[in-house]
Amino acid sequence: MATRKVMRLVDKHTGLMECKVCGDWHVANIKPLTNGRHYYRGSWQCRHGCKLPEGK
């Protein structure tokens, strides 16, 4: 089962992401030499440690 991502991808070309909980923004680092857009581990986590509420 995949974990739900707390960050929402705003711009796939720059890697701009927004936290779904607190609204904070950051630019994720895109891995070099990949087909498509892949991000480094931790890119989908808020720097403030926000978590999505439990539920379906």
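Everything here concerns the structure above.
We now turn to the structure provided with this report.

Cut-offs used in this document
Residues numbered from 1 in each chain as written. Predicted model: local features only at pLDDT ≥ 70, side-chain atom pairs only at ≥ 80, totals over all residues. Heavy atoms only, no water. Salt bridge = Lys/Arg side-chain N within 4 Å of Asp/Glu carboxyl O. Helix = DSSP H or I, 4+ residues; strand = E, 2+ residues; numbered from the N terminus. Buried < 20%, exposed > 50% of the residue type's maximum accessible area, 1.4 Å probe, protein only.

### A few points about the pattern of salt bridges
Thinking step 1. Under the definition given, this model contains 2 salt bridges.
Thinking step 2. In this structure, E18 engages R8 in a salt bridge whose closest nitrogen and oxygen atoms are separated by 2.5 Å. Of the two residues, E18 is situated in strand β2 (residues 16-19) and R8 in strand β1 (residues 7-11); the sequence distance between them amounts to 10 residues.
Thinking step 3. One salt bridge in this structure joins D24 and R47, with 2.6 Å as the shortest N-O distance. Pair noted here: D24 is in the loop between β2 and β3 (25-27) and R47 is in the segment after β3, with a separation of 23 residues, a long-range link.
Thinking step 4. According to the relative accessible area criterion, D24 is buried, its value standing at 18%.
Thinking step 5. Its relative accessible area of 59% is what places R47 among the exposed residues.

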